[in-house]
Amino acid sequence: MDILIADDHANVRRGLRELVADAFPGTHFAEASNGDDVLIQLVGSQPDILLLDINMPGRSGFEVLKDVKLTYPLLPVIMVSVQAESQYALRCLRAGAAEYINKNSVSEELEPAIQKILDSGAKFAKNQIAN
């Protein structure tokens, strides 16, 4: 499995990477520190899942989510944020996110969220760019 982790904090990216690697050995990772880097990396790679922080410098993760779902509608996106679910979860899910996880509960919720996506058979289909 290939996962793109997008967060502006290196320590958060490292923590997410370790959580996923422990739960899903053999996973390959790419990282992005801002929204523009996410979009650039998606042009050259086909991750199976995108872990996307809402609060990043420049373009917010929510704006990036909208662009990602327009261009790569089959790519499952898990939004990760310190913001309360009541503030952003519904907006993100309506915009196409597969899951919304608060960073305070990421250690308990990330593995089941990824497993749910894998069980659903969702896969980023290569070259499935929306017209």
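Residues numbered from 1 in each chain as written. Predicted model: local features only at pLDDT ≥ 70, side-chain atom pairs only at ≥ 80, totals over all residues. Heavy atoms only, no water.

K.L.:
For this particular structure, what's the right way to read the packing of aromatic side chains?
P.N.:
Two aromatic rings are characterised by how far apart their centres lie and by the angle between their planes. Evaluated as defined, the whole model comprises zero aromatic pairs. A cation over a ring is seen here: arginine 91 above phenylalanine 62, with NZ or CZ 4.1 Å from the ring centre. (Phe/Tyr/Trp six-rings, centres within 6.5 Å; stacked < 30°, edge-to-face > 60°. Lys NZ or Arg CZ within 6 Å of the ring centre and 35° of its normal.)

K.L.:
Looking at this model, I keep getting lost on the packing of helix α2 (residues 35-44) against helix α3 (residues 61-71). Mind explaining?
P.N.:
The geometry of a pair of packed helices is captured by two quantities: the angle between their axes and the separation between those axes. In contact at an axis separation of 9 Å, α2 and α3 are set at 20° when each is read in the N-to-C sense. Overall, the two elements α2 and α3 adopt an arrangement that is roughly parallel. Considering how the two elements wind past one another, α2 and α3 form a crossing that is right-handed. Across the interface between the two elements, Gly35, Val38, Leu39 and Leu42 of α2 pack against Val64, Asp67 and Val68 of α3. Taken together, the residues that form the contact of α2 with α3 break down as five nonpolar, one polar and one charged. (Axes fitted to C-alpha atoms, helices over the stretch in contact; angles between N-to-C directions. Helix = DSSP H or I, 4+ residues; strand = E, 2+ residues; numbered from the N terminus. Parallel < 35°, antiparallel > 145°, perpendicular 65-115°, else oblique. Left-handed = near helix turned anticlockwise from the far one by under 90°. Contact = heavy atoms within 4.5 Å. Nonpolar A, V, L, I, M, F, W, Y, C, P; charged D, E, K, R; others polar.)

K.L.:
Hey, could you run me through the sheet that holds strand β4 (residues 77-81) in this one?
P.N.:
The pairing of strands in a sheet comes from backbone hydrogen bonds and takes either a parallel or an antiparallel form. Spatially, β2-β1-β3-β4-β5 is the arrangement adopted by the five strands of the open sheet, whose pairing is parallel. Looking along the sheet, the strands with just one partner apiece sit at the ends: β2 (28-32) and β5 (99-102). Neighbouring strand axes in the sheet, compared pairwise and without regard to direction, differ in orientation by 20° on average. The strands that helix α1 (residues 10-23) touches are β1 (2-6), β2 and β3 (49-53); relative to β2, the one it contacts most, it runs at about 165°. (Pairing = 2+ DSSP bridges.)

K.L.:
Would you take a moment to explain the nonpolar core for this structure?
P.N.:
Side chains of a nonpolar character, in soluble globular proteins, are inclined to be buried together. Ranked by size, the top nonpolar core spans 21 residues in total, and within it Val38, Leu50, Leu52, Leu65, Val68, Met79 and Cys92 carry the most contacts. Breaking this core down by element, the ones donating at least two residues are β1, α2, β3, α3, β4 and α4 (85-94). For this core, the element with the most residues is α3, which contributes four residues. Within the second largest apolar cluster, 15 residues are counted, among which are Ile3, Ile78, Ala113 and Ile117. (Core = buried A, V, L, I, M, F, W, Y, C linked by side-chain atoms within 4.5 Å. Buried < 20%, exposed > 50% of the residue type's maximum accessible area, 1.4 Å probe, protein only.)

K.L.:
What exactly am I supposed to notice about the pattern of salt bridges here?
P.N.:
Think of it this way: side chains of opposite charge can pair up when their charged atoms draw near. In the structure shown here, the tally under the stated rule is six salt bridges. Among the salt bridges present, the one from lysine 103 reaches aspartate 53, with a minimum N-O distance of 3.5 Å. Here lysine 103, found in the loop between β5 and α5 (106-120), pairs with aspartate 53, found in strand β3; they are 50 residues apart in sequence, far enough to count as distant. Of the residues examined, lysine 103 reaches a relative accessible area of 19% and is grouped as buried. With relative accessibility at 3%, the residue aspartate 53 sits in the buried group. Across the pair arginine 59 and aspartate 67 runs a salt bridge whose closest N-O atoms are separated by 2.0 Å. The class for aspartate 67 is partly exposed, based on a relative accessible area of 25%. (Salt bridge = Lys/Arg side-chain N within 4 Å of Asp/Glu carboxyl O.)

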